[in-house]
Amino acid sequence: MSETFKATQITDTVWWVGAIDWDVRNFHGYRTGRGTTYNAFLIVAEKVTLVDTVKHEFYDEMMARIASVVDPTTIDVIISNHAEMDHTGCLPKTINAVNPSAVYCSKMGQRALVAHFGELDLIAVDEGQQIDLGGATISFVETKMCHWPDSMVTYLHEDELLFSQDAFGMHFASHQRYADELESGAMQYEAAKYYANILLHLSPFIDKTLTKMDGLGLPVKILAPDHGPIYRTPELIDWILSSYARWAAQAPTNKAVVVYDSMWHSTATLAKLIGEGLVEGGVDEVCFLSLAEAHRSDVVTELLEAGALVVGSPTMNNNILPSVADIMTYLKGLKPRNLIGGAFGSFGWSGEAPKHLQAMLEEMGAEKVTDPLRVNYVPDETEQAAAREFGLAIAAALKEKLAT
Ligand code: FEO
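Residues numbered from 1 in each chain as written. Predicted model: local features only at pLDDT ≥ 70, side-chain atom pairs only at ≥ 80, totals over all residues. Heavy atoms only, no water.

A. Structural view of the overall build of the protein. If you tally the helices and strands in the protein, you get 12 helices and 22 strands. Overall, the protein is about 80 × 40 × 35 Å in size when its C-alpha atoms are taken along their principal axes. Counting the 404 residues in the protein, one finds 58% classified as buried. Long-range contacts, defined here as pairs at least 24 residues apart, represent 72% of the contacts in the protein between residues at least 6 apart. In the structure as shown, the protein presents an accessible area of about 16,600 Å², 52% of it carried by carbon and sulfur atoms. Charged side chains of the protein number 30 positive and 53 negative; the gap between the two group centres comes to 4 Å. (Helix = DSSP H or I, 4+ residues; strand = E, 2+ residues; numbered from the N terminus. Buried < 20%, exposed > 50% of the residue type's maximum accessible area, 1.4 Å probe, protein only. Contact = heavy atoms within 4.5 Å. Areas by Shrake-Rupley, 256 points an atom, 1.4 Å probe, with all protein chains shown as cover. Lys, Arg positive; Asp, Glu negative; His and termini not counted. Charge placed at Lys NZ, Arg CZ, Asp CG, Glu CD.)

Structure follows, in structure tokens:
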């Protein structure tokens, strides 16, 4: 048995045998400030079963944790709930090492895994199919687009435990394995950040999946995602499920996000004055994000439950600043919905940036309230008052939208 990495026992039959990635900070452009975990689970039934694997460089850590419970070569079954390589990077190596009698995945998973790794001996399972592992019974539910077309979840009936792959996860490296052991503010922020950066654009699919799972009526006592902590208390399971329902609905709240960058502080001054107008107009929360400091993944997190997005850029080379182009491209892909939009910025001689921003906001489906606010060089008193009025107009439109 390994004396290095140890498994964590979750139930009488289930062990966590994943890996902790303390160092990762960039997950396809998402800043993972607290690192992450790649969770894998071992069901120690008559047929020893491994649910998911880990990113390829963490193979040894996973195998050591497995070896702290059982001889890895006794693994009979491997389940791949999701083909993305943070969960399958070491799947071929694991199959070679343990020679399981069966590797189960969804039909789409079979295609995706072969496309990643070449021919593998895989068994595609059907929706709802049940498998007796000898003392433990599992069944599968397809959860397409949560996160990829191949995604499925595995339910362990005896423990009322749902292995939910990416869904309900978060990027949070810790020695604690349970959500109730983490500081709640940090844990809730990371859960929201994960949804905003990974799943927001898939909200219609998340909504469908929640409805489908609800219809199946499977009680969930333990919710075990592939990233971050495991949920084991009814309160936190209710919290994450209701949060997903709310985030998937993308219902606006009385919150505005003002995101901007500035060259010589004029656009920053406009941002502050627009904020004054927003507050005066009754917006409950105004979140300022200067792109000189804020990361795109935090901007989209703040936007998750907001009702208005106000974006500012000075004009540079007839265009918007690269930092603002970055966030607008990122947001376009993540498809935030139900927003009121506003664009502003200072300029020297041509002044295209606010018009470009307005067009981008409209392409994202954000509702236009007022023409872009454009100010030549440094805002004078009249222009400062106009910035305040701009904020007031957006606040009034948001109030009206929330009232209907
Ligand atoms: Fe954690 Fe979609 O992979």
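B. Summary view of the pattern of salt bridges. Counted under the stated rule, the structure contains 17 salt bridges. With a closest N to O distance of 3.3 Å, Asp298 and Arg31 form a salt bridge. Highlighted residues: Asp298 in helix α9 (residues 296–303) and Arg31 in strand β5 (residues 30–31), separated in sequence by 267 residues. Here Asp298 falls in the buried class, since its relative accessible area comes to 16%. A salt bridge links Asp126 to Lys107, with the shortest nitrogen-to-oxygen separation between them at 2.5 Å. (Salt bridge = Lys/Arg side-chain N within 4 Å of Asp/Glu carboxyl O.)

C. Highlighting unusual backbone geometry. Look at Asn99: it is not a glycine, yet its phi comes out positive at around 50°. Mapping Asn99 onto the fold places it in the loop between α3 (91–98) and β10 (102–105).

D. Up close: the environment of Arg374. Inspection of the secondary structure puts Arg374 in strand β22 (residues 373–376). The exposure class of Arg374 is partly exposed, given its relative accessible area of 33%. Each C-alpha atom, one on Arg374 and one on Ser346, is 5.6 Å from the other, the two residues being 28 residues apart in sequence. Not counting residues within four places of it along the chain, the set of residues in contact with Arg374 comprises Gly345, Phe347, Ser350, Gly351, Pro354 and Lys355. From its side chain, Arg374 meets the backbone oxygen of Gly351 in a polar contact 3.0 Å long. (Polar contact = N/O pair within 3.5 Å; in protein donor to acceptor, adjacent residues only side chain to side chain.)

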